[in-house]
Amino acid sequence: MSDMKFSKDHEYVRMEGDVAVVGITNFAQKQLGDIVFVELPETGRTLAKGDEAAVVDSVKAAAEVYAPIGGEVVEVNGELNKNPALVNEDAEGGAWFFKLKVANMDELAELMDAGAYTAFAEGTA
Amino acid sequence: MSGEARDKRAPEPMARIERTFSGNAGLQIEEPLLFEVGRTEISGVDLPEPSNDKPRFGGLERQGEIGLPGLTEPEAMRHYVRLSQKNYAIDMGTYPLGSCTMKHNPRLNEKMARLPGFADIHPLQPQSSVQGALELMAMLADWLCEMTGMASVALSPKAGAHGELCGMTAIRAAHEAKGVKRSVVLVPESAHGTNPATAALLGYDVKAFPAREDGTVSVDAVREAMSDDVAGIMLTNPNTCGLFERDIVEIAEAVHEKGAYFYCDGANFNAIVGKVRPGDLGIDCMHINLHKTFSTPHGGGGPGSGPVVFSKALAPFAPVPFVERQGDACRLVETGEAAGDATPFGRLTAFHGQMGMFVRALAYMLSHGADGMRQASEDAVLNANYLRAGLSDLMSQPFGDQPCMHEVLFDDSFLKDTDITTHDLAKALIDEGYHPMTVYFPLVAHGAMLIEPTESESRAALDGFIAVMRDLAQSAQGGDVARFRDAPRYAPRRRLDETRAAREPVLRWRDGNVRQDDAAE
């Protein structure tokens with residue numbers, strides 16, 4: 001997991017070449033509780049860093065998922081529409097939300113590494 | 001909690017229920033759906049066979065059976081009465097739902113609302129024949145303007161969120177009249193969810209901003225967020241954490257300096273009636289939940305009603321209809337052309353609003369008087385602080401132990417490491433005979449529990465609630481997980497599977513769509 005980067009809004013980014021795999025963190029999943037619905041962005045949409053990209057509904061709350069980094073949506077994880085519970089089971093693995101073709105690699109540097117994120121999340125809890 | 005005390009509790013009645021032949025437990029009748037009571041092939045009433053008149057629906061007549069169950073009057077009556085008996089209501093016990101002001105609904109209000117001159121009239125009657133009703137609306141409007149210090153009021157909005165739409169539409173109309181286009185509305189993170197929803201519905205971009213450490217909004221945060229593109233701010237006072245926004249006058253000034261308007265969410269007006277006039281705080285418009293602040297809460301007798309009061313600046317844009325006095329008579333102004341110098345933004349409802357609620361609210365005001373309403377606010381605040389004082393050593397408050405207004409907010413840090421959640425605690429409260437408080441709202445407090453006792457509760461009732469909450473908190477901290485995880489044990493239904501209900505919703509009844517595993521539960 002050391003190759004992952006994290007945002008303050010509890011999204012993670014895992015780089016696969018110049019494509020960023022984006023999802024919500026395990027911490028976020030735990031805070032939200034049982035997730036019942038995920039709304040994903042349209043493929044082809046261009047997102048700026050911080051744009052609202054997806055929505056997660058849990059039994060407790062609805063939360064927006066923001067693009068932690070700018071780019072074009074090249075793929076979404078359709079599996080989440082059928083089985084939103086996957087986010088609870090495997091948030092940082094199989095339950096990724098969407099993949100972005102990153103526009104500006106420099107934005108990656110603005111995100112936290114795993115150590116900084118863990119400290120940040122613990123402060124939030 | 002000692003083991004001895006546990007043993008004194010009643011044995012599990014659920015075990016007995018499972019063993020009865022009918023599924024009923026004593027006179028707690030298991031309630032089927034109406035579709036399961038009646039049958040589609042029978043009729044509850046005997047009607048003569050229709051004559052063979054040619055249908056005149058032009059081919060649009062129904063081709064198949066409508067499929068509604070036939071029910072006799074006693075069947076329908078018993079179904080709804082039994083459902084109502086499973087319900088919990090303010091007339092049954094303490095109902096400490098935060099942000100909802102579940103106060104007692106005086107019977108006098110009901111008597112007044114049933115007077116035929118108010119109950120049996122129709123909105124399309126000639127105005128000359130409903131002068132009494134119009135006079136009542138005019139008097140209610142006067143009282144609302146007087147106690148808020150505002151210039152005018154729109155009575156027609158049907159509840160809080162509708163009132164927000166009314167107020168924010170007036171703000172938009174005011175900007176349009178000046179020929180300016182503004183696109184942003186400021187909403188603090190502790191706001192009711194309806195606030196950003198209202199702004200978004202009107203096409204505004206919502207800009208959220210956090211509160212400071214003590215749970216209130218700072219004027220500096222507002223100043224920083226303000227710009228020439230901000231149409232207005234939506235703020236609740238007292239806020240959803242039960243705290244009075246002490247910078248509110250400076251916040252209003254900061255908003256007005258930039259040419260924006262101040263919408264106040266009046267859901268918590270019960271804390272300040274007769275103490276503070278919103279108009280004096282620089283507020284431009286505010287909805288008032290007649291069905292909270294002036295009795296008749298949810299399930300207390302009627303629908304919602306959310307009149308909106310307007311400052312001088314916004315009054316010209318208030319919607320039609322409104323009541324105007326002309327000498328001894330009253331007139332309902334129905335169209336913009338007839339509104340004189342005003343330029344109403346339009347109409348929100350087909351007619352004038354919730355007449356029954358106007359009657360109940362005015363009955364409440366007249367029977368309490370100015371001094372009585374002020375005392376009600378004082379007692380509501382006193383009761384909330386009494387609960388706070390009785391619970392603060394065992395439960396945790398997100399912004400420290402400070403005096404609150406009409407509701408007290410706790411978070412779940414006192415449950416840390418107990419493996420028990422706010423949700424579990426709320427369910428255990430049901431077993432103890434109380435409706436749970438508001439949970440998980442406001443979102444700014446982790447695992448929030450928002451408790452609003454209102455002025456209706458006696459000191460004895462508050463002591464009873466405190467004793468139960470203390471017992472639950474101690475039980476949780478003592479590791480009695482089963483008491484919480486299994487709760488509610490004594491309600492007509494045990495814990496519902498909210499996750500499956502949301503993931504696989506069954507929204508329409510169809511013959512046979514009750515699943516086998518549900519039927520067995």
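Residues numbered from 1 in each chain as written. Chains lettered and ligands numbered in written order. Predicted model: local features only at pLDDT ≥ 70, side-chain atom pairs only at ≥ 80, totals over all residues.

### Observations concerning the overall build of chain A
Along the backbone of chain A there are four helices and nine strands. Its C-alpha atoms give chain A a radius of gyration of 13 Å, within 12% of the compact-globule value 14 Å for 125 residues. Principal axes of the C-alpha set define a box for chain A whose edges measure 35 × 35 × 20 Å. Evaluated residue by residue, chain A yields a buried proportion of 38% over its 125 residues. (Helix = DSSP H or I, 4+ residues; strand = E, 2+ residues; numbered from the N terminus. Rg over C-alpha atoms; globule rule 2.2 N^0.38 Å. Buried ≥ 20, exposed ≤ 12 C-beta atoms within 10 Å, placed from the backbone.)

### Section: the overall build of chain B
Along chain B, the regular secondary structure elements total 18 helices and twelve strands. Taking 521 residues into account, the globule formula puts the C-alpha radius of gyration at 24 Å, and chain B, at 26 Å, falls close to it. A principal-axis box enclosing the C-alpha atoms of chain B has dimensions of 75 × 75 × 45 Å. A burial count over chain B gives 41% of its 521 residues as buried. The long-range fraction of contacts in chain B, counting pairs at least 24 apart against all pairs at least 6 apart in sequence, stands at 74%. (Contact = placed C-beta atoms within 7 Å.)

### Thoughts on the packing of helix α8 (residues 160-177) of chain B against helix α9 (residues 194-201) of chain B
Relative orientation and spacing of two packed helices are given, respectively, by the angle between their axes and the distance between those axes. Residue and element names in this part refer to chain B. At a closest axis distance of 9 Å, the pairing of α8 and α9 adopts a crossing angle of 45 degrees. Considered as vectors, α8 and α9 are oriented oblique to each other. Crossing of α8 against α9: the hand is right-handed. The segment α8 lies against α9, with G160, A161, E164, L165 and M168 engaging T194, N195, T198, A199 and L201. Taken together, the residues of the contact of α8 with α9 break down into five nonpolar, four polar and one charged. (Axes fitted to C-alpha atoms, helices over the stretch in contact; angles between N-to-C directions. Parallel < 35°, antiparallel > 145°, perpendicular 65-115°, else oblique. Left-handed = near helix turned anticlockwise from the far one by under 90°. Nonpolar A, V, L, I, M, F, W, Y, C, P; charged D, E, K, R; others polar.)

### Brief notes about the nonpolar core
Counting 121 residues, the largest nonpolar core has A170, V255 and F358 of chain B as the members making the most contacts within it. In terms of residue count, the dominant contributor to this core is helix α13 (residues 355-391) of chain B (16 residues). Two domains each donate at least three residues to this core, and these are domain 1 (108-365) and domain 2 (373-503) of chain B. If sequence neighbours within four positions are ignored, A170 of chain B has contacts with C285, F310, L314, F317, A318 and F345 of chain B. Counting residues in hydrophobic clusters, the runner-up holds 31 residues, among them L32, I35, V36 and A67 of chain A. (Core = buried A, V, L, I, M, F, W, Y, C linked by C-beta atoms within 7 Å. Domains from an automatic or database assignment.)

### Comments concerning the interface of chain A and chain B
Taken together, the contacts link six residues of chain A with six residues of chain B. Here the side of chain A that touches chain B is composed, by residue class, of four nonpolar, no polar and two charged.

### Describing the packing of helix α7 (residues 131-148) of chain B against α13 of chain B
Residue and element names in this part refer to chain B. Where α7 contacts α13, the two axes come as close as 10 Å, and the packing angle between them is 55 degrees. When the axis of α7 is compared with that of α13, the two are oblique. The interaxial crossing formed by α7 with α13 has left-handed handedness. Touching A133, L136, M137, M139, L140 and W143 of α7 are M355, F358, V359, A361, L362 and M365, all from α13. The residue makeup of the contact of α7 with α13, split by class, is twelve nonpolar, no polar and no charged.

### Some remarks on the environment of G242 of chain B
Residue and element names in this part refer to chain B. Within the secondary structure, G242 sits in the loop between β4 (230-236) and α11 (248-257). Sequence separation of G242 and G98 is 144 residues, and the distance between their C-alpha atoms is 8.9 Å. Beyond its immediate chain neighbours, meaning those up to four positions away, G242 contacts A384, C404, M405, H406, E407, V408 and L409.

### Observations concerning the domain arrangement of chain B
All names here are of chain B. As assigned here, chain B comprises domain 1 (108-365) and domain 2 (373-503). Measuring from the centre of the C-alpha atoms in domain 1 to the corresponding centre in domain 2 gives 30 Å. At the interface, 19 residues of domain 1 touch 18 residues of domain 2. Of the residues belonging to the side of domain 1 that touches domain 2, the class tally is nine nonpolar, seven polar and three charged.

### Considerations on the sheet that holds β4 of chain B
Two orientations exist for strands paired in a sheet by backbone hydrogen bonds: parallel and antiparallel. Residues and elements named next belong to chain B. Overall, mixed pairing links the seven strands, which are arranged β1-β7-β6-β5-β4-β2-β3 in an open sheet. In this open sheet, the two edge strands, each paired with only one partner strand, are β1 (152-154) and β3 (205-209). Here the strands of the sheet are splayed against their neighbours by 20 degrees on average, with no regard to which way each runs. Pairing between β4 and strand β5 (residues 261-265): five bridges, direction parallel. Paired with M234 across the two strands is Y263, which belongs to β5. (Pairing = 2+ DSSP bridges.)

### Brief notes about α11 of chain B
Residue and element names in this part refer to chain B. Those residues of α11 that sit buried are I248, I251, A252, A254 and V255. Looking down the long axis of α11, one finds its buried residues gathered within 160 degrees of arc, a one-sided arrangement. Buried residues along α11 sit against α10 (219-225), β4 and β5. G259 lies just past α11 and shows a positive phi near 75 degrees. (Arc of directions from axis to C-beta.)

### Comments concerning unusual backbone geometry
Residue and element names in this part refer to chain B. Cis rather than trans, the peptide bond between V320 and P321 has omega equal to 0 degrees. Relative to the helices and strands, P321 resides in the loop between β7 (308-310) and β8 (322-326). Between F441 and P442 the backbone carries a cis peptide bond, its omega angle lying at 0 degrees. On the secondary structure map, P442 appears in the loop between β11 (438-439) and β12 (449-451). Residues other than glycine seldom take positive phi values, yet S295 does so here, at roughly 70 degrees. Summarising the element assignment, S295 is placed in the loop between α12 (290-293) and β7. Phi at T454 takes a positive value of approximately 65 degrees, unusual for a residue other than glycine. Tracing the sequence through the fold places T454 in the loop between β12 and α15 (459-477).

### Description of the confidence of the model for chain B
All names here are of chain B. Residues of chain B with pLDDT of at least 70 account for 93%, and the chain-wide mean is 90. A low-confidence stretch, residues 515-521 (pLDDT under 50), is modelled with one contact involving residues beyond four sequence positions or located in other chains. With pTM at 0.86, the complex prediction returns an ipTM value of 0.72. (pLDDT = per-residue confidence, 0-100.)

### Focus on the environment of G346 of chain B
Residues and elements named next belong to chain B. For G346, the location among the structural elements is in the loop between β9 (329-333) and α13. G346 gets classed as exposed once you count the C-beta atoms within 10 Å, which come to 10. Considered as a pair, G346 and T335 are eleven residues apart in the sequence and their alpha carbons are 8.1 Å apart.

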